[in-house]
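Fold and contact review
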Amino acid sequence: MLIAAIIFLFMVFCQSLRAQMDANGNGLSDLYERSVNSSANFPSSGPDTLVGGKFHPDSDPDGDGIPTSKEAIFGTNCFSPQPPAGFFKPVLLPFDPAH
């Protein structure tokens, strides 16, 4: 019974921690959203939050080929195609069997 109570409290704690870190439930950290969006979270609804919208985690608002969800992991700005100093974007060249 004690173990069940501990597990329950742990689950409640984890849910509240998640809610604090992603208030709008879009899968992106609130800290990241505020760092790239003028100290405000991305909206939780509206046309820009749908697939292809500039605030959707799978969108690429800066057109650099990296979706917002990955830019959040890398710590880069999803609204700027220029990587920060020290970062580079690898370019894959087509395979040429002659070389």
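Residues numbered from 1 in each chain as written. Predicted model: local features only at pLDDT ≥ 70, side-chain atom pairs only at ≥ 80, totals over all residues. Heavy atoms only, no water.

1. What about the overall build of the protein chain?
Looking only at helices and strands, the protein chain has 3 helices and 0 strands in total. Secondary structure of the protein chain in N-to-C order comes out as α-α-α. Counting all 99 residues of the protein chain, 22% fall into the buried class. Taking all contacts inside the protein chain whose residues are at least 6 apart in sequence as the whole, residues at least 24 apart take part in 24%. Total accessible area on the protein chain stands at roughly 7,400 Å², and carbon and sulfur atoms take up 67% of it. (Helix = DSSP H or I, 4+ residues; strand = E, 2+ residues; numbered from the N terminus. Buried < 20%, exposed > 50% of the residue type's maximum accessible area, 1.4 Å probe, protein only. Contact = heavy atoms within 4.5 Å. Areas by Shrake-Rupley, 256 points an atom, 1.4 Å probe, with all protein chains shown as cover.)

2. Regarding the nonpolar core
Among soluble globular proteins, nonpolar side chains are generally buried collectively. In this structure, Leu-28, Tyr-32, Val-36, Phe-42, Phe-55 and Cys-78 together form the largest nonpolar core, which totals 6 residues. Once residues within four sequence positions are removed from consideration, Cys-78 is found in contact with Tyr-32, Val-36, Phe-42, Pro-61, Asp-62, Thr-68 and Glu-71. (Core = buried A, V, L, I, M, F, W, Y, C linked by side-chain atoms within 4.5 Å.)

3. Remarks on the side chain of Ser-59
Within the secondary structure layout, Ser-59 lies in the loop between helix H2 (30–36) and helix H3 (68–74). Within polar-contact distance, the side chain of Ser-59 engages the backbone oxygen of His-56 at 2.7 Å. (Polar contact = N/O pair within 3.5 Å; in protein donor to acceptor, adjacent residues only side chain to side chain.)

4. Side note on the packing of aromatic side chains
Scanning all chains against the criterion turns up 1 aromatic pair. Between Phe-55 and Phe-79, the aromatic rings sit 6.1 Å apart at their centres with planes inclined by 80°, giving edge-to-face as the arrangement. Separated by 24 residues along the polypeptide, Phe-55 in the loop between H2 and H3 and Phe-79 in the segment after H3 bring together distant segments of the chain. Residue Phe-55 is classed as buried on the basis of its relative accessible area of 10%. A relative accessible area of 30% places Phe-79 in the partly exposed class. (Phe/Tyr/Trp six-rings, centres within 6.5 Å; stacked < 30°, edge-to-face > 60°.)

5. Let's talk about the environment of Lys-54
Of note, Lys-54 is situated in the loop between H2 and H3. When the C-alpha atoms of Lys-54 and Cys-78 are compared, they prove to be 9.0 Å apart, with 24 residues separating the residues in sequence.

6. Notes on the side chain of Asn-37
Inspection of the secondary structure assignment puts Asn-37 in the loop between H2 and H3. Residue Asn-37 is classed as buried on the basis of its relative accessible area of 18%.

7. Considerations on the environment of Asp-60
Mapped onto the elements, Asp-60 comes out in the loop between H2 and H3. Using a relative accessible area of 27% as the deciding quantity, one classes Asp-60 as partly exposed. Sequence separation between Asp-60 and Pro-81 is 21 residues, and the spatial gap between their C-alpha atoms is 9.6 Å. In this structure, Asp-60 is in contact with Gly-65, Ile-66 and Glu-71, ignoring residues within four places of it in sequence. A polar atom in the side chain of Asp-60 sits 3.2 Å from the backbone nitrogen of Asp-64.

Honestly, that's just the spatial picture; any functional story needs more than this.
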